[in-house]
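# Overview (structure and organization)
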Amino acid sequence: MQIKREHGGVVFVDLRDRTGIVQLVFNEQYSAKCFRMVTELKQEYVISAFGEVRRRENPNPELQTGNFEVWVDEYTVLNGAKTPPIGVTKQSGVSEELRLKYRYLDLRRAKMRENILMRHKIVNSIRGYLNEMGYIDIETPFLTKSTPEGARDFLVPSRLNPARFYALPQSPQIFKQLLMVAGFEKYYQIVRCFRDEDLRADRQPEFTQIDIEASFIEEEDIYRLIDGMFTKVLGDCYGISLETPVKRLSYDTAMECYGTDRPDLRYEMEIRDLFSFQTLNPKEFICEGFEKGKRLYGLLVDKTEGVTRKTLDSFTDFAKKRGADLFTWMRCVKGEESGPMMKLFGSGIKEEVRKEGKSDFTLLAAFGVKQAVLPAMGWIRQEMARILGLTQKDNLSFCWITDFPLFEWSEEENKIVSVHHPFTSPKEKDIEVFEKDPFLAKSKSYDFVLNGIELGGGSIRIHRNDVQKRVFSVLGIEDDEIRKKFGFLLEALQYGAPPHGGIAFGLDRIVMMLQKEESIRDVIPFPKTAKGTCPLTGAPDAVNISQLSELGIHLDEVTGE
Ligand code: ASP
């Protein structure tokens, strides 16, 4: 029972089940006994009721059952309920900690219930589609060996093998490739993966992946398969039709035009290369910068209001933090230009911007090395879109980002790393030569992006043992380590491995985006907090010393309660 309203000789009760709400009527004239007893009903009591379904005198158009009500002849209380510590209809000011502690109550809220039911519908639709396309659902182990996806592993000690540990899979990557070697040709799994990362709003230590792999395919086959999958999901679950083929942008184009490999294409606002401004007699340090290969990139915004001094100052700080030499701007209001950018360039700048034929605009620009300026402008582009209200959640703008570099330099690890993972195939043209200049090599890889969020990614894999070994070697993995960590994969590649490739999506992110939620925690039934804890069960928890000694584990210092 959700709510009780009393009106003289009538009591109305909102009765809730997973499909929604129906109004019960306890009418003194109709059933004096039920009317008398109804005072005992309290919020969240579990009841069964029997009565006559009648058309409502005052229909409620907001309720699916708003035209009807049930006049109760008889009812039974199946169980009582304590007063819930958090609201199950509305919530305000409730901390997430408390929501997660009483998650079973939080999940009673209509929006949460809708999210979880929609998650089921989305999964069903995906399964249906993949089954129809001939993909088979195959399970892979959870207690396994490390899979390199760039995160820390969760380790599980093995009691039967002292001092040995399983790693929980960061993804089923190697197993799905082995399934291709085994000849299954088309695999999928909707599967939990585990990554021990510092958590952000859109990360969880365990999350669900839609994992796909197929043999004898190329990038084009994946694009078609996935365009079809999203067409099906959006049609089945939201009645929306997706325009296909989904737009494709190469990594280089995405970086050049949007300053990111996850562009939000709900709005245009492309970043512009203002290389031609070098002829506008700029200040000496800019001239010198241009000569050294530095670049000026700009963003032309059709508006002047809303771009406050404070915003511009924050852009300056951000661009500098990101390594740009300079952030500057100019504005044109009713054909009158002003702003610091005017002083950095000669008078010709007026002519140059007037070519655009716009009488009101703001031009934002950053100068410096391309690798610093483009990402900074990418972030500024996003911020501007937010300020200008161009990021409505109802607009869904999908795109593919293709042809990523094979390797990149990781400042954090101070070494060369794979942009996707080490099993990603180089492009045909680079396959025999990627060692020459590894950073120039491109890969057969792709990401699928929605409104600036990466929903998934994958690649065509290396299916030749020799190429795989060479990639490991560029990554600086010693032969001994290769043998220990990936020997079994390299061996498998020698037994007739077909060309293959695949992709994986974060299911939680997909549901979050389609349900227009801010956090993946709102689409996961029992998520962890930002600290990786579960306030409901108290996990992670301390364990008995005897359990630890069985595992041969000794704690130097026991902290916590
Ligand atoms: N295994 C990759 C990941 O989890 C996806 C893929 O390449 O299929 O990100």
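Refer to the structure above for everything that follows.
Given the structure is predicted, the values throughout are model-derived calculations rather than measurements.

## Some words on the overall build of the protein
- Check the secondary structure of the protein and you find 16 helices and 22 strands.
- With the principal axes as the frame, the protein shows a C-alpha extent of 95 × 75 × 55 Å.
- For the protein, the proportion of its 561 residues judged to be buried stands at 48%.
- Of the accessible surface of the protein, which amounts to about 29300 Å², a share of 50% is contributed by carbon and sulfur atoms.
- Put simply, the protein has 78 plus and 86 minus side-chain charges, and the middle of one group is 3 Å from the middle of the other.

## Focus: the pairing of strand β19 (residues 415–418)
- As judged from the four bridges shared by strand β18 (residues 407–410) and β19, these two strands associate in the antiparallel manner. Each bridged residue has a counterpart across the sheet, and for Phe407 the counterpart in β19 is Ser418.
- The hairpin formed by β18 and β19 contains four residues between the paired strands, and Asn414 there has a positive phi angle of roughly 55°.

## Quick word on the side chain of Gln173
- As for its position among the elements, Gln173 is in helix α5 (residues 173–181).
- Of the residues examined, Gln173 reaches a relative accessible area of 4% and is grouped as buried.
- With residues near it in sequence (within four places) discarded, Gln173 still touches Thr147, Glu149, His421, Phe423 and Arg461.

## A look at the sheet that holds strand β6 (residues 136–137)
- Pairing is mixed across the open sheet formed by eight strands, whose spatial order is β6-β9-β10-β22-β21-β20-β17-β11. The two strands at the open ends of the sheet, each matched to only one other strand, are β6 and β11 (248–250).
- Pairing geometry for strand β21 (residues 453–460) and strand β22 (residues 500–506), over five bridges, is antiparallel. Across the sheet, the residue bridging to Ile460 is Gly501, located in β22.
- Contacting β6, β9 (186–194) and β10 (206–215), helix α4 (residues 110–132) runs over the sheet at an angle of about 150° to β9.
- Running at roughly 90° to β11, helix α7 (residues 251–258) makes contact with β11 and β17 (398–402) of the sheet.

## A short note on the site of the ligand
- Inspection of the region around the ligand gives Glu149, Ser171, Gln173, Lys176, Arg195, Gln209, His421, Gly457, Gly458, Arg461, Ile503 and Ala504 as its neighbouring residues.
- Here the shell around the ligand is composed, by residue class, of two nonpolar, six polar and four charged.

## Considerations on the packing of aromatic side chains
- Tallied over the entire structure, the rule returns 24 aromatic pairs.
- Ring centres of Tyr223 and Trp400 lie 4.7 Å apart, and the angle between their planes is 55°; on these two criteria the pair is classed as tilted. Linking Tyr223 in helix α6 (residues 219–238) with Trp400 in strand β17, this pair joins segments that are 177 residues apart in sequence. Like Trp400, Tyr223 is buried.
- When the ring of Tyr223 is compared with that of Tyr446, the centres are 5.6 Å apart and the planes differ by 80°; the resulting orientation is edge-to-face. With a gap of 223 residues between them, Tyr223 in helix α6 and Tyr446 in strand β20 (residues 445–450) connect regions that are remote in the sequence.
- Overall, Tyr223 belongs to the buried group, its relative accessible area being 4%.
- Put simply, the rings of Tyr223, Phe230, Phe398, Trp400, Tyr446, Phe448 and Phe505 pair up and form one aromatic cluster.

## A look at the sheet that holds strand β15 (residues 336–338)
- Pairing is antiparallel in the open sheet, where five strands are placed in the order β12-β13-β16-β14-β15. The two strands at the open ends of the sheet, each matched to only one other strand, are β12 (272–273) and β15.
- Direction of pairing for β12 relative to strand β13 (residues 295–301): antiparallel, over a ladder of two bridges. Note that in β13 the partner of Asp273 across the bridge is Tyr297.
- In this fold helix α8 (residues 284–291) packs onto β13, β14 (326–333) and β16 (361–368), with an angle of close to 60° to the strand it touches most, β16.

## Digging into the environment of Gly9
- Here Gly9 lies in the loop between β1 (3–7) and β2 (10–17).
- Classification of Gly9 as partly exposed rests on a relative accessible area of 30%.
- On a C-alpha basis, the gap between Gly9 and Asn27 in space is 6.2 Å, while along the polypeptide they are 18 residues apart.
- If near-sequence neighbours (up to four positions away) are discounted, Gly9 is found in contact with Phe26, Asn27, Glu28 and Phe35.

## Some details on helix α9 (residues 309–321)
- Spanning 13 residues, α9 covers 18 Å between terminal C-alpha atoms, matching the ideal 18 Å at 1.5 Å per step.
- Buried within α9 we find Thr311, Leu312, Phe315, Phe318 and Ala319. Projected down its long axis, α9 shows its buried positions confined to an angular sector of 120°, all on one face. Across α9 from its buried face, at more than 90 degrees, point the exposed residues Arg309, Lys310 and Lys321.
- Just downstream of α9 lies Gly323, where phi reads positive at about 100°.

Parameters and conventions
Residue numbers here run from 1 along each chain, matching the order of that chain's written sequence. At least 70 in pLDDT is required for a residue's local features to be given in this predicted model, at least 80 for side-chain atom pairs to be given and counted, and no such filter applies to totals for whole chains, interfaces and linings, which use all residues. Computation of side-chain values: all heavy atoms of the structure, hydrogens and water removed. For helices the rule is a DSSP run of H or I covering at least 4 residues; for strands it is a run of E covering at least 2, with both sets numbered from the N terminus onward. Each residue is placed in one exposure class: buried if its accessible area under a 1.4 Å probe, protein chains only, is under 20% of its type's maximum, exposed if it is over 50%, and partly exposed if it falls in between. The Shrake-Rupley method, run with a 1.4 Å probe, gives the accessible areas here. Residue values count only the displayed protein chains as cover. The positive count covers Lys and Arg only, the negative count covers Asp and Glu only, and His and the chain ends enter neither. The location of each charge is read from NZ of Lys, CZ of Arg, CG of Asp or CD of Glu. One bridge is not enough; two strands pair if DSSP finds at least two bridges between them. Residues count as neighbours in contact if any of their non-hydrogen atoms are within 4.5 Å of one another. Orientation is described by lines fitted to C-alpha atoms, with helices fitted over the stretch in contact, and by angles between N-to-C directions that extend from 0 to 180 degrees. Residues are classed as near a molecule or strand on a simple rule: at least one heavy atom within 4 Å of it. Throughout, the ten residues Ala, Val, Leu, Ile, Met, Phe, Trp, Tyr, Cys and Pro are labelled nonpolar, Asp, Glu, Lys and Arg are labelled charged, and all others, Gly among them, are labelled polar. Stacked, tilted and edge-to-face are the three classes assigned to paired rings of Phe, Tyr and Trp, where Trp is represented by its six-membered ring and a pair needs centres within 6.5 Å; plane angles under 30 degrees give stacked, over 60 edge-to-face, the rest tilted. A helix is expected to span 1.5 Å for every residue after the first. Each C-beta atom gives one direction from the helix axis, and the arc is the one those directions make.

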